[in-house]
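Architecture at a glance
Residue-level listing of the chains:
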Amino acid sequence: MGKYVFRRLLLMIPVLLGVSFIIFTIMNMTPGDPVMLILGEGAPAEALAAKREEMGLNAPFFLRYLRYLADAFRGNFGQSYRTGIPVFSEIQTRIGYTVLLSVVSITLAVLIGLPIGILSAVRQYSITDQLSIGISLIVTSMPGFFTAMLLILLFSLKLGWLPPMGVNTWVNFIMPSIALSSATTASLIRMTRSTMLEVIRQDYIRTARAKGASERAVIFHHALRNALLPVVTVIGVNFGQALGGSIAIEQVFAIPGIGQLMINSIRQKDTPMVMAAVIFSAFIASSVNLLVDLLYSFIDPRLSSQYASKKRKGRG
């Protein structure tokens, strides 16, 4: 297990390098001059040229990228072109909002999607099953920002129950969490339903029922555990999507998270800030996927036995 975790951590390095190279290339190809952003459009040409030379922007593309990587490996992700402060400090103040929003939205999706998916599978073709499938299909087809605007129209403007923006209290996170979790909830309902239907038709489920096990024990002890593997995969993948999807949600609800920071930085060609924000988001998403892979071994005893057998072979 330890070797597997170490190998997965090593595999994160080329992933982060690939992400950094793609973002650096895209930011290099986009129009705009960061020196003009720093000194202003009325700055003299000599000052612009001197600042460009000072920032190393006249160097070849690959040399600038390698310099950025060398600084990043030393923990220096540069300074923001807009504010002049280290990008790491600004990300530290904002990453908490984005991670909190993503964690709450995924938790909400699991608490709603998993029970409904199980109920839908157990009562296949019933009214509950038809309603859950129909609603999940409708919610899946709605973008998160559209759901967010519908929630604001209903609960803020029409009923006046919830604040439309801000992060002052936990109440401010209710509508953003619902909007961000809507698509994940729909995916979990459909995935849980399909995997449960596949599992409850297996022979060992019939055997458990024939031995007199209660329906609750059959569903939650025998069927659900074996149906959880693909569901956990969906949760891990959707956590990464929640980090990306929070960009639109944070804009709609004026949440000062990483998503809003990235949007503002892209508009003003703040390359160091965009690079650091994307790399941190990719690191968090990769770490969550690693945790999901480790969770497999606790859910499925067969995977734990594979790790143990490999360890025994290594000793032999």
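Before any of the text, the structure's been laid out above.
Described below are features of the structure shown in this document. It should be emphasised that the depicted structure is a prediction, and the values quoted were computed from it without experimental measurement.

1. Re the layout of surface pockets
Looking at the largest pocket, its volume works out to about 780 Å³. What lines the largest pocket is a set of 28 residues, among which Met 55, Leu 57, Tyr 68, Tyr 81 and Pro 272 lie closest to the centre. Listing elements by their share of the lining of the largest pocket, those giving two or more residues are helix 1 (2-29), helix 2 (34-39), helix 3 (45-54), helix 4 (61-73) and helix 12 (271-299). Ranked by residues supplied to the lining of the largest pocket, first place goes to helix 4 with four residues. When its residues are assigned to classes, the lining of the largest pocket shows ten nonpolar, ten polar and eight charged.

2. Some remarks on the packing of aromatic side chains
Under the counting rule described, the total for this entry stands at ten aromatic pairs. With a centroid separation of 5.3 Å and 80 degrees between ring planes, the pair formed by Phe 21 and Tyr 65 is classed as edge-to-face. With Phe 21 in helix 1 and Tyr 65 in helix 4, the pair connects residues that are 44 residues apart, well separated along the chain. A residue is classified by how much of its surface remains accessible, and Phe 21, at 33% relative accessible area, is partly exposed. Taken together, a centroid distance of 5.4 Å and an interplanar angle of 50 degrees make the contact between Phe 24 and Phe 61 tilted. Note that Phe 24 is positioned in helix 1 and Phe 61 in helix 4, a separation of 37 residues in sequence. Here Phe 24 matches Phe 61 in class, with each residue buried. Members of the aromatic cluster, connected to one another through ring pairs, are Phe 21, Phe 24, Phe 61, Phe 62, Tyr 65 and Tyr 68.

3. Describing the pattern of salt bridges
A full pass over the atoms with the stated rule returns six salt bridges. Across the pair Lys 51 and Glu 54 runs a salt bridge, and its minimum N-O distance is 3.6 Å. With Lys 51 and Glu 54 both in helix 3 and three residues apart, the pair spans about one turn of that helix. Of the residues examined, Lys 51 reaches a relative accessible area of 22% and is grouped as partly exposed. Note that Arg 206 and Asp 203 form a salt bridge whose closest N and O atoms lie 2.6 Å from each other. Remark: Asp 203 and Arg 206 occur in helix 9 (residues 203-210); sequence separation between them is three residues, near one turn of the helix. Relative accessible area serves as the criterion here: at 55%, Asp 203 is assigned to the exposed category.

4. Quick look at unusual backbone geometry
At Ala 254, a residue that is not glycine, the phi angle is positive and equals roughly 55 degrees. Within the secondary structure layout, Ala 254 lies in the loop between helix 10 (215-253) and helix 11 (258-267). A positive phi angle, close to 50 degrees, is found at Lys 269, a residue other than glycine. Among the structural elements, Lys 269 can be located in the loop between helix 11 and helix 12.

5. Brief notes about helix 1
If you check helix 1, its first and last C-alpha atoms are 42 Å apart, about what 28 residues at 1.5 Å a residue would give, namely 40 Å. When helix 1 is considered as a whole, its buried residues turn out to be Tyr 4, Arg 8, Met 12, Leu 16, Ser 20, Ile 23, Phe 24 and Met 27.

Conventions used here
Residues numbered from 1 in each chain as written. Predicted model: local features only at pLDDT ≥ 70, side-chain atom pairs only at ≥ 80, totals over all residues. Heavy atoms only, no water. 1 Å grid on protein atoms, 1.4 Å probe; cavity = no way out; pocket = protein on both sides within 12 Å on 5 of 7 lines; lining within 4 Å. Points joined across faces, edges and corners; volume = space filled by probe spheres on them. Helix = DSSP H or I, 4+ residues; strand = E, 2+ residues; numbered from the N terminus. Nonpolar A, V, L, I, M, F, W, Y, C, P; charged D, E, K, R; others polar. Phe/Tyr/Trp six-rings, centres within 6.5 Å; stacked < 30°, edge-to-face > 60°. Buried < 20%, exposed > 50% of the residue type's maximum accessible area, 1.4 Å probe, protein only. Salt bridge = Lys/Arg side-chain N within 4 Å of Asp/Glu carboxyl O. Expected span 1.5 Å × (residues − 1).

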